[in-house]
Protein chains: 2
Amino acid sequence: MMILKIGGSVITDKSAYRKANVEAAEKIIKTLAEVDGLLCIVHGGGSFGHIKAKEYGLPGPKNETSSLGYSIVHRDMEELDLMIVSLMIENGMRPIAVPVSSLRYDGRFDYSPLLRYIDEGFIPVSYGDVYIKDEHSYGIYSGDDIMADLSELLRPNVAVFLTDVDGIYDKDPKKHKDAVLLREIGTGISFGQVQNDVTGGIAKKFDSMMRMRRYVSGGVYLMNGKHPERIYDIGKGSFIGTVIR
Amino acid sequence: MMILKIGGSVITDKSAYRKANVEAAEKIIKTLAEVDGLLCIVHGGGSFGHIKAKEYGLPGPKNETSSLGYSIVHRDMEELDLMIVSLMIENGMRPIAVPVSSLRYDGRFDYSPLLRYIDEGFIPVSYGDVYIKDEHSYGIYSGDDIMADLSELLRPNVAVFLTDVDGIYDKDPKKHKDAVLLREIGTGISFGQVQNDVTGGIAKKFDSMMRMRRYVSGGVYLMNGKHPERIYDIGKGSFIGTVIR
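All right, on to the overall build of chain A then. Along the backbone of chain A there are 8 helices and 11 strands. Relative to its length of 245 residues, chain A is compact, with a C-alpha radius of gyration of 17 Å against a globular reference of 18 Å. Along the longest, intermediate and shortest principal axes, the C-alpha atoms of chain A span 50 × 40 × 35 Å. The burial tally for chain A puts 57% of its 245 residues in the buried class. Across chain A, contacts joining residues at least 24 apart in sequence account for 74% of those joining residues at least 6 apart. With the model as given, the accessible surface of chain A reaches about 10200 Å², and the carbon-plus-sulfur share is 48%. One finds the centroid of the 30 positive side-chain charges in chain A at a distance of 4 Å from the centroid of its 33 negative side-chain charges.

Taken together, Arg155(A), Lys204(A), Arg211(A) and Arg214(A) make up a surface patch of like positive charges. Among the structural elements, Lys204(A) can be located in helix α8 (residues 202-212).

Our focus in this paragraph is the relation of the copies chain A and chain B. With an axial shift of 0.0 Å and an RMSD of 0.0 Å, the rotation relating chain A to chain B amounts to 180°. Both chain copies can therefore be described as sitting about a two-fold axis.

What follows is about the interface of chain A and chain B. Contacts between the two partners involve 37 residues from chain A, matched on the other side by 37 residues from chain B. Summed over the shared surface of chain A and chain B, the result is 4 salt bridges. Here Glu120(B) ties to Lys62(A) by a salt bridge, and the two come within 2.8 Å at their closest N and O atoms. Residue assignment for the side of chain A that touches chain B shows that the elements contributing at least two residues are α4 (64-90), β4 (95-97) and α5 (112-119) of chain A. It is α4(A) that provides the largest number of residues to the side of chain A that touches chain B, a total of 14 residues. Tallied by class, the residues present in the side of chain A that touches chain B amount to 19 nonpolar, 8 polar and 10 charged.

Quick look at the sheet that holds strand β6 (residues 129-132) of chain A now. Backbone hydrogen bonds hold the strands of a sheet together, and the pairing may be parallel or antiparallel. Residues and elements named next belong to chain A. The strand order across the open sheet formed by 3 strands is β3-β7-β6, and the pairing between neighbours is antiparallel. A strand with exactly one partner marks an edge of an open sheet, and here the two such strands are β3 (60-61) and β6. Sheet analysis places β3 next to strand β7 (residues 137-141), joined by 2 bridges and oriented antiparallel. In the strand pairing of β7, Pro61 is matched with Ser137.

Taken in spatial order, the 3 strands make up an open sheet running β3-β7-β6 (chain B), and their pairing is antiparallel. Both edges of this open sheet fall to β3 (60-61) and β6 (129-132) of chain B, since each of them pairs with a single strand only.

This part takes up the confidence of the model for chain A. All names here are of chain A. Considering every residue of chain A, the mean pLDDT works out to 93; 94% of them sit at 70 or more. Note that pLDDT drops below 50 for residues 196-200; the model gives that stretch 18 contacts with residues more than four away or on any other chain. For this predicted complex, the interface score ipTM comes out at 0.94, alongside a pTM of 0.95.

The next subject is the environment of Ser102(B). The topology assignment puts Ser102(B) in the loop between β4 (95-97) and α5 (112-119). For the pair Ser102(B) and Glu90(B), spaced 12 residues apart in sequence, the C-alpha to C-alpha distance is 25 Å.

A few words on the pairing of strand β5 (residues 123-127) of chain B. Residue and element names in this part refer to chain B. Within β5, 5 of the 5 residues are buried, which leaves the element mostly enclosed by the surrounding structure. Where strand β2 (residues 38-43) lies against β5, 3 bridges are found, and the strand directions are parallel. Looking at β5, one finds that His43 is bridged to Tyr127.

This paragraph deals with the side chain of Lys52(A). Within the secondary structure, Lys52(A) sits in helix α3 (residues 50-55). Lys52(A) has contacts with Tyr17(A), Ile72(A), Val73(A) and Asp76(A), leaving out every residue within four places of it along the chain.

Another aspect to go through is unusual backbone geometry. Residues and elements named next belong to chain A. Residue Pro59 is bonded to the preceding Leu58 through a cis peptide linkage, with omega at -5°. Along the chain, the position of Pro59 falls in the loop between α3 and β3. Although it is not a glycine, Arg18 adopts a positive phi angle of roughly 60°. Counting through the fold element by element, Arg18 comes out in the loop between α1 (8-11) and α2 (22-32). The backbone of Arg155 sits at a positive phi, close to 45°, despite the residue not being glycine. Here Arg155 lies in the loop between α6 (143-154) and β8 (158-163).

Moving on to the side chain of Ser102(A). Assessed through its relative accessible area of 1%, Ser102(A) is described here as buried. Setting aside chain neighbours within four positions, we find Ser102(A) in contact with Ala97(B), Val98(B), Pro99(B), Ser102(B), Leu103(B) and Pro113(B).

Moving on, we get to the packing of aromatic side chains. This structure, assessed with the given rule, holds 24 aromatic pairs over all chains. Ring plane angle 85° and centroid distance 5.6 Å describe the contact between Tyr117(B) and Phe122(B), whose orientation is recorded as edge-to-face. Residues Tyr117(B) and Phe122(B) agree in their burial class; the two are buried. Three or more aromatic residues joined by ring pairs form one cluster here, namely Tyr105(A), Phe109(A), Tyr111(A), Tyr131(A) and Tyr141(A). Positioned above the aromatic ring of Tyr17(B) is the side chain of Lys52(B), whose terminal nitrogen or guanidinium carbon lies 4.6 Å from the ring centre.

Conventions used here
- Residue indices begin from 1 for each chain and proceed along its sequence in written order.
- A letter from A marks each chain and a number from 1 marks each ligand, given out in the order of writing.
- In keeping with the model being predicted, local features are shown solely for residues with a pLDDT of at least 70 and side-chain atom pairs are shown and tallied solely at 80 or more, while totals for entire chains, interfaces and linings include all residues.
- The basis for the side-chain values is all heavy atoms of the structure; hydrogens and waters are excluded.
- In this text, helices come from DSSP runs of H or I with a minimum length of four residues, and strands from runs of E with a minimum of two, each type numbered from the N-terminal end.
- A radius of gyration in this sense is built from C-alpha atoms; the matching globule rule multiplies 2.2 Å by the number of residues raised to 0.38.
- Each residue is assigned to one of three classes by its accessible area relative to the maximum for its type, calculated with a 1.4 Å probe on protein chains only: buried under 20%, partly exposed between the two thresholds, exposed over 50%.
- Residues are treated as being in contact if the distance between any of their heavy atoms lies within 4.5 Å.
- Working definition of accessibility: Shrake-Rupley area with a 1.4 Å probe, residue cover restricted to the visible protein chains.
- Here the positive residues are Lys and Arg and the negative ones are Asp and Glu; neither His nor the chain ends is included.
- To locate a charge, take atom NZ for lysine, CZ for arginine, CG for aspartate or CD for glutamate.
- For patch building, the residue pool is restricted to those with more than 30% relative accessible area and no salt bridge; the joining distance is 9 Å between like charges and 5 Å between nonpolar side chains (Val, Leu, Ile, Met, Phe, Trp, Tyr).
- One speaks of a salt bridge when a side-chain nitrogen belonging to Lys or Arg is within 4 Å of a carboxyl oxygen belonging to Asp or Glu.
- We place the copies in one frame by least squares, fitting the C-alpha atoms of every residue whose pLDDT is at least 70 in both.
- In the scheme used here, Gly and all other residues not listed as nonpolar or charged are polar, with Ala, Val, Leu, Ile, Met, Phe, Trp, Tyr, Cys and Pro taken as nonpolar and Asp, Glu, Lys and Arg as charged.
- Two strands pair if DSSP finds at least two bridges between them.
- Note on scores: pLDDT gives the predictor's confidence for each residue, bounded by 0 and 100.
- Ring pairs shown here join Phe, Tyr and Trp side chains whose ring centres sit within 6.5 Å, with only the six-membered ring taken for Trp; geometry is labelled stacked below 30 degrees between planes, edge-to-face above 60, and tilted in between.
- We count a charge as sitting over a ring when the NZ of a lysine or the CZ of an arginine lies within 6 Å of the ring centre and within 35 degrees of the ring normal.

This is how it looks when you write it as structure tokens:
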């Protein structure tokens, strides 16, 4: 049983507002259609989420600007999600979108509608989304946050993150020619020791993966979404990527 | 305080799969942007919903075909909904899609996420949608069903249905030149007495409106969505349409 997140950077051009990378998404979904035991898919926002969120002050206090941003960011994320869901349908999968902005929230999301779809044999698709955090502020719940929640709820064997890098290195491979891809990271290693920050955003993901691993018996995998076929090698010596156990 | 449903026949070409009537939708949303006290919008599916639902056996028993149909119909409805939501954003409104397929359901939907958005000043948008009815079957929850639920929950002053006809007539206006538009239908009148069935589908809507009226103090209105500006005349003698009280 596997849960999987497709990074926004893989399926969008992060620099151009609302520009999807359709070919990359097609390649990923075609590959995932052949994966057994896939329970659900989560995806990030890339240029459908981050650009307008920042522009409209999300996450942040409630005001006229952020309220409009709330509507816009969710609309844009739905548009990106429609691409993923449509590709899944074309590839014979049974997707159903379950955005967290539609779920009950009181400090925690009530994922029961999503869990019900898994029980019914659907593959629910959720994504980084806006939500009403508290009386004063709107939040953004990231795809990584959702993955952490679902790990705890579903206790999958494997959790996979498709990103735009091959994995986690011992130092920044852009700066150091001798940087080594860390195939496995075990207990007791902190990100400080690992040093590297390939994309600048991996530190946060690394932390989140480290927290998830206690719920995921077979390991939390980070791999390159441009080479989705590598997913078939999970558990084999030939796998290219990083597993955190 | 008003709740309003836009009929699928107004914003789509019912005979052509997934063909939207963008101009009609634009005209409606521009008009609604000027309406005070609009709590939420519901819309039907037209050719984004009914054609594939029928083709894939929805509503109906769970099987391979209907399961695929479930994914397809929801995806298509989301696409139609994105048009409505986008037009609302363009017109300065604060929409947020809340599909019933994402809500908790155990014989009744738990609308609390939608109600919360109303409290927060958003205009939630819901629509006719698929849902898991019970152990053996998938259901289709229509826009009219949602309107009935929201009437009970919200007790709005006014509920409005935008359809493709001017209102309810005393007999079929296509067959009878002397058919008279019924401006008001009060207690004690049944559809048998009203006789007419302009679109063939009005009988069911009439029943549903008759059931709703006890929750809607100011009346349940049926009017022509091709002339959305008539909504400004609600409560005036010049209003063209039918009110059920």
